[in-house]
Amino acid sequence: LYDTILKYKPEHCFEIGTYTGGGSTYFITSAFKKLGKGKLYTLESYPYLFKIAKRKYKFYLPRLTPYVKFILGNTTKSFDKYIGSEVQCLFLDGDEDSRQTIDQYYEFLPYFKSKAILMIHDWNTEKTVAIKPVLLNDPKWEKILELGQPISVGFVVFKRK
């Protein structure tokens, strides 16, 4: 995540699945801080986890707060006022639900332009059963990185041609 943001330098990234903000949220915002610009818009559907993440950044990681916007919601429609005309980077890491993952992808699809980055966690789990064939058979997406065991339960990065 960190290296991908540093390499491709998107101005913004959307993340589904903040959890408590200590994993992917931390790495993406740290990369934006190193770049000196960028914003992560991260969506968490569970109020308790959302509160933990916000507090963690306010009290322990204030240097990263300019690079993150925490959003409480259970649908990607919660991102609507932040999307604008394009999505340069999306990280799908929501619930272990294949139908939800593919639905989230399709909601963002109209906003992907050339050179957009799509990152997905849990690539080798049930979460990605529906999205895998869609991405792997779409000539507009190029898989540029895939991590598996023992490093990860699956992490993949695609770039829009």
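The coordinates are above.
Residues numbered from 1 in each chain as written. Predicted model: local features only at pLDDT ≥ 70, side-chain atom pairs only at ≥ 80, totals over all residues. Heavy atoms only, no water.

Engineer: Would you mind going over helix α3 (residues 47-59) with me for this structure?
Structural biologist: Turn by turn, an α-helix covers 3.6 residues, leaving residues three or four places apart pointing in a common direction. Between the first and last C-alpha of α3 there are 18 Å, a value that for 13 residues agrees with the 18 Å anticipated at 1.5 Å per step. When we look at burial in α3, the residues that qualify are Leu49, Phe50, Ala53 and Tyr57. Along the axis of α3, the buried positions cluster into a sector of 105 degrees, meaning they face one direction only. Exposed side of α3, more than 90 degrees from the buried face: Tyr48, Arg55, Lys58 and Phe59 are the residues found there. (Helix = DSSP H or I, 4+ residues; strand = E, 2+ residues; numbered from the N terminus. Expected span 1.5 Å × (residues − 1). Buried < 20%, exposed > 50% of the residue type's maximum accessible area, 1.4 Å probe, protein only. Arc of directions from axis to C-beta.)

Engineer: How should the pairing of strand β5 (residues 112-121) be read in this particular structure?
Structural biologist: Consecutive residues of a regular strand have side chains that alternate between opposite faces of the sheet. Here strand β4 (residues 87-92) runs beside β5; their pairing, made up of five bridges, is parallel. By the bridge assignment for β5, Leu92 is matched with Ile120. With five bridges joining them, β5 and strand β7 (residues 155-160) adopt antiparallel strand pairing. In the sheet register, Ile117 faces β7, and the bridge partner there is Lys159. (Pairing = 2+ DSSP bridges.)

Engineer: What's the story with the packing of aromatic side chains in this structure? I'm lost.
Structural biologist: The relation between two aromatic rings is expressed through the spacing of the ring centres and the mutual angle of the planes. Evaluated as defined, the whole model comprises twelve aromatic pairs. Between Phe112 and Trp141, the ring centres sit 5.1 Å apart and the planes meet at 85 degrees, which makes this aromatic pair edge-to-face. With Phe112 in strand β5 and Trp141 in strand β6 (residues 141-147), the pair connects residues that are 29 residues apart, well separated along the chain. For the pair Phe112 and Trp141, one class covers both residues: buried. An aromatic cluster is built from Phe14, Tyr41, Phe79, Tyr82 and Phe108, whose rings are joined through pairwise contacts. (Phe/Tyr/Trp six-rings, centres within 6.5 Å; stacked < 30°, edge-to-face > 60°.)

Engineer: How do you make sense of helix α2 (residues 24-35) when you look at a structure like this?
Structural biologist: Taking 1.5 Å per residue as the helical rise, α2 with its twelve residues ought to reach 16 Å, and the 17 Å between its terminal C-alpha atoms agrees with that figure. Those residues of α2 that sit buried are Ser24, Thr25, Ile28, Thr29, Ser30, Ala31 and Phe32.

Engineer: Looking at this model, I keep getting lost on the side chain of Thr76. Mind explaining?
Structural biologist: Locating Thr76 in the fold gives a position in the loop between β3 (68-72) and α4 (80-83). What Thr76 contacts, discounting residues up to four positions off in sequence, is Ile16, Leu43, Gln104, Glu107 and Phe108. (Contact = heavy atoms within 4.5 Å.)

Engineer: Is there a simple way to think about the sheet that holds β3 in this case?
Structural biologist: Neighbouring strands of a sheet are bound in pairs by backbone hydrogen bonds; such pairs are parallel or else antiparallel. Reading across from one edge, β3-β2-β1-β4-β5-β7-β6 is the order of the seven strands in this open sheet, with mixed pairing throughout. Pairing within the sheet leaves two strands with one partner each, and these edge strands are β3 and β6. Strand-to-strand twist in this sheet, taken as the mean axis angle between neighbours without regard to direction, amounts to 15 degrees. Alignment of strand β1 (residues 12-16) against β4, held across three bridges, turns out to be parallel. The residue of β4 that forms the bridge with Ile16 is Leu92. Helix-sheet contacts for α3 involve β2 (39-44) and β3, and the interaxial angle to β3 is about 160 degrees. (Axes fitted to C-alpha atoms, helices over the stretch in contact; angles between N-to-C directions.)

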